[in-house]
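A look at the structure
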Amino acid sequence: MQKQSIFLLLIFITVTGYSQIGGQSTYQFLNLVNNPRQAALGGKIVTNYDYDPTQALFNPASINPEMDNQLSLNYTNYIGDVNYGTATYAYLWDRRTQVLHTGVTYVNYGKFDGYDENGEPTASFSGSEVAISFGHARNIPYSDFHVGVNAKLISSTLEQYSSLGIALDIGIMYVYEDWDLHITGVARNVGTQITPYDNQYEPLPLDIILGISQTLENIPIRWHFTLDNMQQWKLAYANSNRDITDLEGGTTGENINFIDHAFRHMILGIELFPESGFNIRLGYNLRRGEELRVLEQRSFAGLSAGFSIKLNKLRFSYSYAKFNGAASAGYLGLNIDLND
């Protein structure tokens, strides 16, 4: 029975892998990095299986008893006037590890100056989006596999337009405690709009993520390797700004090969002293680093770093992610242990 359950879930994750990415779907805020730990490790890390309830917003299979009575609050000062944040909480319902999880994700796009078709000023406007989620995970009996589901209600208001949607996140995780090894797969944002902004229904930003992580034996380092956007293999496109013109006026375009496509999916991260009260986190997002790098200039695009420090029942986290020479983001997080 357990093998059938795992097989059916893997089939579901595979057959839903048809969706598009950036610019071709709505509610893109659902895929924003949601806490400092995830941001420092390169983004979209889905392999943590511990106290942190924010992890469950990206991978419901990570919901576990260590999250009991943990409250997590996170804020991100994003690009321009955009800011967003999350609040998550988990509760252990009974002794049979019935852990319930809930979370809120919001984004505020700030204020915009309005103009009509003639360029005349009109009233200013704003935009905001929010998603409320409820999640639960179960261990498949007599195995090291865990499966989890998040149900999300999504609300979006952009100027005079508004939309309502629903979605599911479905995850499966293998936790081998003897090796401190975690392997996982997640299908995120499987859903639909209930009411569109206008008359046309738009797809949600489906995101299929695979990940593996492990703490090294006798070395206080945990490494993370993530494959993102697996629903679409070709993420790389030739950039016309990188065309090379020879002395005769001939132009050679950027060559995108199999390796280029493969690298666009990869995210690397390490945690130093992962089990201690103070740890350091480093990450590199290969897609971000390649797409946002400036030729002949060192911009450190794709790099991220952060730390966390635990003070009694509070754990404070901060991370900094570099996009390019002109853009970066800071992430703040506070985890509160509400247990007596």
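A quick note: this is a predicted structure, and the numbers were derived from the prediction, not measured.

Of the regular secondary structure elements, the protein chain holds four helices and 16 strands. Considering only contacts in the protein chain between residues 6 or more positions apart, those separated by 24 or more positions represent 55%. Taken as a whole, the protein chain presents about 17,800 Å² of accessible surface, with 58% of it coming from carbon and sulfur.

Let us now look at unusual backbone geometry. A positive phi angle, close to 55°, is found at Tyr-27, a residue other than glycine. Looking at the element boundaries, Tyr-27 is found in the loop between α1 (2–15) and α2 (36–40). Here Phe-273, not a glycine, exhibits a phi torsion of approximately 55°, which is positive. Its location among the elements puts Phe-273 in the loop between β12 (266–272) and β13 (278–285). A residue is classified by how much of its surface remains accessible, and Phe-273, at 39% relative accessible area, is partly exposed.

With that settled, consider the pairing of strand β6 (residues 161–176). Where strand β5 (residues 145–158) meets β6, 14 bridges bridge the pair, whose relative direction is antiparallel. Counterpart to Leu-158 in the pairing with β6 is Tyr-161. Linking β5 back to β6 in an antiparallel pair, the connection comprises two residues, with Glu-159 at a positive phi of about 55°. Direction of pairing for β6 relative to strand β7 (residues 181–195): antiparallel, over a ladder of twelve bridges. Directly across from Gly-171, in β7, lies its bridge partner Val-186. The hairpin turn running from β6 into β7, its antiparallel successor, is four residues long, and Asp-180 in that turn takes a positive phi close to 50°.

Take the environment of Tyr-176 next. Here Tyr-176 lies in strand β6. Judged by relative accessible area, which is 23%, Tyr-176 ranks as partly exposed. The sequence separation of Tyr-176 and Ser-143 amounts to 33 residues, and the corresponding C-alpha distance is 9.7 Å. Once residues within four sequence positions are removed from consideration, Tyr-176 is found in contact with Asp-144 and Leu-181.

Counting residues in each nonpolar core, the largest one holds 18 residues, and the members touching the most others are Tyr-27, Phe-29, Leu-30, Ile-154 and Tyr-331. Breaking this core down by element, the ones donating at least two residues are β15 (314–324) and β16 (327–337). Residues within four places of Phe-29 in sequence aside, it is in contact with Thr-105, Val-107, Tyr-109, Glu-129, Val-130, Ala-131 and Ile-154. Residues Ala-56, Ile-63, Ala-90 and Val-99 belong to the second largest nonpolar core, which totals six residues.

We now examine the pattern of salt bridges. One side chain can pair with another of opposite charge once the charged atoms of both are near each other. Within this structure, the stated rule accounts for ten salt bridges. Salt-bridge contacts for Asp-50 lead to Arg-37; the nearest nitrogen and oxygen are separated by 2.7 Å. Here Arg-37 lies in helix α2 and Asp-50 lies in the loop between α2 and β1 (70–77), a separation of 13 residues in the sequence. Look at Asp-50 and you get buried, because its relative accessible area is 15%. With its nearest N and O atoms 3.8 Å apart, the salt bridge here joins Arg-37 to Asp-52. Of this pair, Arg-37 sits in helix α2 while Asp-52 is found in the loop between α2 and β1, placing the two residues 15 residues apart along the sequence. What makes Arg-37 buried here is its relative accessible area of 6%. Several salt bridges share partner residues, and in doing so they unite Arg-37, Asp-50, Asp-52, Glu-271 and Arg-281 into one network.

Looking at the protein chain, pLDDT values average 86 and 85% of them are 70 or higher. Note on residues 1–20: pLDDT is under 50 here. Beyond four places in sequence and across chains, it has 34 contacts.

In this fold, Asn-69 is placed in the loop between α2 and β1. For Asn-69, the residues in contact, after removing those within four places along its chain, are Tyr-89, Ala-90, Tyr-91, Ile-336, Asp-337, Leu-338 and Asn-339.

Here 13 bridges tie strand β3 (residues 99–115) to strand β4 (residues 121–139), and the two strands are oriented antiparallel to one another. Each bridged residue has a counterpart across the sheet, and for Thr-102 the counterpart in β4 is Phe-134. A loop of five residues connects β3 with β4, the two strands running antiparallel in sequence, and Gly-119 in this loop sits at a positive phi of about 85°. Pairing between β4 and β5: 13 bridges, direction antiparallel. Bridging from a neighbouring strand, Gly-135 pairs with Asn-150 of β5.

Once that is clear, we can look at the environment of Ser-317. Relative to the assigned elements, Ser-317 resides in strand β15. Classification of Ser-317 by relative accessible area gives buried; the value is 9%. Sequence separation between Ser-317 and Leu-332 is 15 residues; the distance between their C-alpha atoms is 5.9 Å. Beyond its immediate stretch of four places on either side in the chain, Ser-317 contacts Pro-36, Arg-281, Phe-307, Ser-308, Tyr-331, Leu-332 and Gly-333.

On the surface, a cluster of nonpolar side chains totalling about 820 Å² of accessible area is made up of Leu-73, Tyr-75, Tyr-106, Phe-278, Ile-309, Leu-311, Leu-314, Phe-316, Leu-332 and Leu-334. Every element with two or more residues in the nonpolar patch is listed here: β1, β14 (303–311), β15 and β16. Positionally, Leu-334 belongs in strand β16.

About the thresholds
- Residues numbered from 1 in each chain as written.
- Predicted model: local features only at pLDDT ≥ 70, side-chain atom pairs only at ≥ 80, totals over all residues.
- Heavy atoms only, no water.
- Helix = DSSP H or I, 4+ residues; strand = E, 2+ residues; numbered from the N terminus.
- Contact = heavy atoms within 4.5 Å.
- Areas by Shrake-Rupley, 256 points an atom, 1.4 Å probe, with all protein chains shown as cover.
- Buried < 20%, exposed > 50% of the residue type's maximum accessible area, 1.4 Å probe, protein only.
- Pairing = 2+ DSSP bridges.
- Core = buried A, V, L, I, M, F, W, Y, C linked by side-chain atoms within 4.5 Å.
- Salt bridge = Lys/Arg side-chain N within 4 Å of Asp/Glu carboxyl O.
- pLDDT = per-residue confidence, 0-100.
- Patch = residues over 30% accessible without salt bridge, like charges linked within 9 Å, V, L, I, M, F, W, Y side chains within 5 Å.

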